[in-house]
Each structure stands twice: as structure tokens, then as C-alpha cells.
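The primary structure of each chain is shown beneath.
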Amino acid sequence: MGIVKDILYKTANKRFLKIFKNQTIFPYYHIVRDNKVSHIENLYQFKNCKQFLNDIDLLTKHYNSINPKDLLENKNNKNSFLLSFDDGLQEVYTVIYPILKKHNLKAIFFINPNFVDNNEGLYKHYISIIISHLKNIDFEKSTLEKISQKLSFSYNSIDEFKHKFINIKYSEREKINDVLEFLKIDIKAYLQEHRPYITKEQIQEMINDGFFFGGHTMSHPSLNQLTHEEQKKEIINSIDWLKENFNINYSFFAFPFSDKSISKKLLNELFEYDNNIKLFGNSGLKKDIDNRIIQRFSLENPKKTTAKQIVTENLYKYFNKLIGKYNIKRK
Ligand SMILES: [Zn+2]
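Remember, it's a predicted structure, so these values are computed and weren't measured experimentally.

Undergrad: Let's hear about the overall build of the protein: which residues, and what values?
TA: Helix and strand content of the protein: 14 helices and 10 strands. At 20 Å, the protein has a C-alpha radius of gyration in line with the 20 Å of a compact globule built from 331 residues. For the protein, the spread of C-alpha atoms along the principal axes amounts to about 55 × 50 × 45 Å. In the protein, once contacts between residues fewer than 6 apart in sequence are set aside, the share between residues at least 24 apart is 74%. Mean positive and mean negative side-chain charge positions of the protein (51 and 39 charges, respectively) differ by 9 Å.

Okay, here's the thing in C-alpha cells:
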């Protein structure tokens, strides 16, 4: 969160929630889980079941729920909310799906086809697994040296090492396999043991139950590090994969990491691909250049009070309107 948002959060009063009810909201998460897990624990914090259930209670008390099918039919949706979940982690099936079903809520799950069925994983998740391993050996100096050499970065503290390691370029991701090998971490065994990602069978079961799936690129790259054509391919292939494997006739897609760098040209090509496509970003309560682009905000941080967070997002919306940043501009 930026400085302004921090200040707004401190002043946000949950009683304001009533005032801001008109604004439809699209909160998103990745995972809900009661204990930590190596492939996520060094990347971001997340909510446990009880905290997630509290969110559901709060949202259903203040907002109507949207069925994603209403989005496709372009129905009006005031006072509403729709949840979505990125990265296709196994917990969307084992934890989130049963909770949503019990509360009669529908949602959209954005997945990376390359990781479905656990033959391969997201490079950031591999980095987290490596950092957990390094923690176990007390961040042994010579080991950190060797890794930083392999990835050609320098560091002055363990925190800086972690920060630089987590933020290496997508094009450097092949080197992560060298690091795994160097540390004798058997990643295939990890994937088989922990099964971090959802399977095709599970996706089918959820679709049969009225849940919706969308693409999130094939391999979760930072799109701004790819060429225009590569970006387009990563995006469209992930939507097509869902259509081919599950007989889906709609197009949902969420941009990985951020939608900030996405060009007008690419967006127009995606609208050409499917005139009724719905694209999801994570820029908060902002208005994009086309109403087929839906902006979301994260409710994943367990340290924030959900009601205050929703109020903050709404206050931040008015702040952005004041400074002329409410309308997203794209080149
Ligand atoms: Zn993602």
C-alpha cells in the first residue's frame, strides 16, 4: 500500500461501509489456508478459513452477490460483489470451493494451464521454496553467495537478498532450476508430494457445479517483459486451453502481476478475439478505457480489517478522482 492509502486506512471507519455500498466491488485472493506452506510463505501473507469466513459474512451482509453469468449477459450490478481467485492453487478446490458452495456463492478462478496437474510450477513459487530451504540452513553465507552469483545480483543483507531473488526477471527463471539443482531440491518430488495446483478433474467438477474459470496466461510471466506477440499468445492460449478442455464458450481473463503496462493495441486485439470477453485487472476502484475491463482489489492481507479495507479502497477512489487518476489511461 502507498503512503496515501496507509493514511486513508488509518482514518477509515468501518461505519462508512454503508455509504459506499453503491460501488460494486471485485475482491480477489489467491489462497485460503490455516497453516503456512513453502511455495507461498515468502511471497505474501494470506487469510485462514476463519478470516475468510468473516469476509464472506461481511460481504454478503452489505452486498448482493453476482453470478459471473450476469457479467457475460452484461446485466447491471449495483451494490454487488464478485470474488475471484488467481493462480489455480489446490486450496481453491480443497478449501475455498466448499465454503463458497455452502454460502451459495459463485466465483471466477483464474488459472495457468501449464501448472494444472502439477507437472510444473510457477517460478515465483519455486523461489519461495528455495527461500524456505535457505531459512532452514540459517541463510548460510557461502550458499547465498553462490546463488547471487548465479543470478548476477549483489546484496548487503538477507532481506535484500530475498527481495532481489523474488524480483528476478521472468527471463532469468531458467536459472532457478540451476539453483534448485545446486541445493539438491527435487522440485518434481515437491510437486507430487504437495500438489500445489488444481487438477483438470477438479476444474471439471467445479464447472459442473456452476463455477467459472478464466485464463491467467499459460505460465504467469510479467507481461511487460514480453514482446507484444508473446503477451497476446500467453493470454489467448490460456483462454483457448479452457475452451478446448472444458467446453467453455465464454472468455474470462485476469492479468498476472499487474495490468498497468497493458497496451490499448493488445486490449483491442483481445476484444477482437471475443467481443464479449471480460478482462480483470488489479488496479483497485478505477475506471478503465472499456467496460469489458473490470478492476479488482485484493482482500488477502490478514493483518488488515476487511471493512476498513473496503472503505479505504472507496476513499482512495475519491482521492484518485480529485487528482485526476480515476480514469485509467492506456497508450
Ligand atoms: Zn497470478
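Still to come is the rest of the account.
Undergrad: Help me get a handle on the coordination of the zinc ion, residues and values and all.
TA: Only Asp-87 (OD), His-216 (NE2) and His-220 (NE2) from the protein reach the zinc ion as donors, at distances of 2.1 Å. All donors of the zinc ion come from a single chain, and their spacing in sequence reads D-x128-H-x3-H. One end of the pair, Asp-87, is in the loop between strand S4 (83–86) and helix H5 (91–102); the other, His-220, is in the loop between strand S6 (212–215) and helix H12 (228–246), with 133 residues separating them in the sequence. Each member of the pair, Asp-87 as well as His-220, carries the same accessibility label: buried.

Undergrad: Run through the environment of Asn-247, naming residues and quoting values.
TA: With respect to the helices and strands, Asn-247 occurs in the loop between H12 and strand S7 (252–254). A relative accessible area of 74% means that Asn-247 is categorised as exposed. Sequence spacing of Asn-247 and Gln-204 is 43 residues, and the spatial spacing of their C-alpha atoms is 9.9 Å.

Undergrad: Can you lay out the UniProt feature "domain: NodB homology" (unreviewed entry) in the protein for me, pointing to particular residues and giving the numbers?
TA: Annotation from UniProt places "domain: NodB homology" (unreviewed entry) at residues 79–331. In the segment residues 79–331, helix accounts for 46% and strand for 11%; the C-alpha atoms at its two ends are 32 Å apart.

Undergrad: How would you summarise a positive patch on the surface if you had to cite specific residues and measurements?
TA: A cluster of like positive charges, contributed by Lys-14, Arg-15, Lys-18 and Lys-61, occupies part of the molecular surface. Counting through the fold element by element, Lys-61 comes out in helix H3 (residues 49–62). Judged by its relative accessible area of 68%, Lys-61 falls in the exposed class.

Undergrad: Break down the layout of surface pockets for me, citing the residues and quoting the values.
TA: Space inside the largest pocket adds up to approximately 1100 Å³. Considering the residues around the largest pocket, the lining is formed by 35 residues, among which Tyr-28, His-30, Phe-257, Asn-282 and Ser-298 are closest to the centre. Taken together, the elements giving at least two residues each to the lining of the largest pocket come down to helix H6 (123–136), strand S10 (297–298) and helix H14 (306–322). Considering every element that reaches the lining of the largest pocket, the biggest residue donor is H14, with 4 residues. Residues belonging to the lining of the largest pocket are distributed by class as follows: 11 nonpolar, 14 polar and 10 charged. Both domain 1 (3–120 + 198–322) and domain 2 (123–192) contribute no fewer than three residues apiece to the lining of the largest pocket. If you add up the space inside the second largest pocket, you get close to 820 Å³. If you trace the second largest pocket, you find 27 residues lining it, with Thr-24, Phe-26, Asn-77, Asn-291 and Ile-294 closest to the centre. Secondary structure elements with two or more residues in the lining of the second largest pocket: helix H4 (68–72), strand S9 (293–295) and H14. It is S9 that provides the largest number of residues to the lining of the second largest pocket, a total of 3 residues. Considering only residue class, the lining of the second largest pocket consists of 6 nonpolar, 10 polar and 11 charged.

Undergrad: Tell me about the pairing of strand S8 (residues 278–281), and name the residues and values.
TA: Here S8 shows two buried faces, one formed by Lys-278 and Phe-280 and the other by Leu-279 and Gly-281. With 3 bridges connecting them, S7 and S8 associate as parallel partners. Bridge assignment links Ala-254 to a residue of S8, and that residue is Phe-280. A crossover links S7 with its parallel partner S8, the connecting element being helix H13 (residues 264–273), and its sense is right-handed.

About the criteria used
Along each chain, the written sequence defines residue order, and numbers are assigned to residues from 1. Residue-level local features of this predicted model are given only where pLDDT is at least 70; pairs of side-chain atoms are given and counted only at 80 or more, and the full residue set underlies all totals for whole chains, interfaces and linings. Values shown for side chains rest on all heavy atoms present in the structure; no hydrogens or waters enter the calculation. Working definition: helices are DSSP H or I runs of at least four residues, strands are E runs of at least two. Numbering for both runs from the N terminus. Note that the radius of gyration is over C-alpha atoms, with the globule rule given as 2.2 Å times the number of residues to the power 0.38. By definition, residues are in contact when any of their heavy atoms lie within 4.5 Å. By the counting rule applied here, Lys and Arg register as positive and Asp and Glu as negative, while His and the ends of each chain are not counted. Each charge is placed at NZ for Lys, CZ for Arg, CG for Asp and CD for Glu. Only N, O and S atoms count as donors, using a 2.8 Å cut-off from the metal and 3.2 Å for Na, K and Ca, and because water is excluded some sites may appear unfinished. Burial here depends on accessible area, computed with a 1.4 Å probe over protein chains only, as a share of the maximum for the residue type. Under 20% is buried, over 50% is exposed, and the range in between is partly exposed. UniProt positions are given in the numbering used here, feature names are shortened, and annotations may be inferred rather than shown by experiment. Like charges within 9 Å and nonpolar side chains (Val, Leu, Ile, Met, Phe, Trp, Tyr) within 5 Å are joined into patches, using only residues over 30% in relative accessible area that form no salt bridge. The method behind every accessible area is Shrake-Rupley, applied with a 1.4 Å probe, and residues are considered shielded solely by the protein chains displayed. By definition, a salt bridge exists where a carboxyl oxygen of Asp or Glu is found within 4 Å of a side-chain nitrogen of Lys or Arg. A 1.4 Å probe that fits but cannot get out identifies a cavity on a 1 Å grid over protein atoms alone, an open set with protein on both sides within 12 Å along at least five of seven lines counts as a pocket, and a residue lines either if it has an atom within 4 Å of a point. Grid points are joined across faces, edges and corners, and a volume is the space filled by probe spheres set on the points. Under the scheme applied here, ten amino acids are nonpolar (Ala, Val, Leu, Ile, Met, Phe, Trp, Tyr, Cys and Pro), four are charged (Asp, Glu, Lys and Arg), and all others, including Gly, are polar. For the purposes of this description, domain bounds are those given by an automatic or database domain assignment. Any two strands between which DSSP finds at least two bridges are classified as paired. Crossovers are marked right-handed if the path from the first strand over the helix to the second runs clockwise, as seen with the strands pointing away from the viewer.

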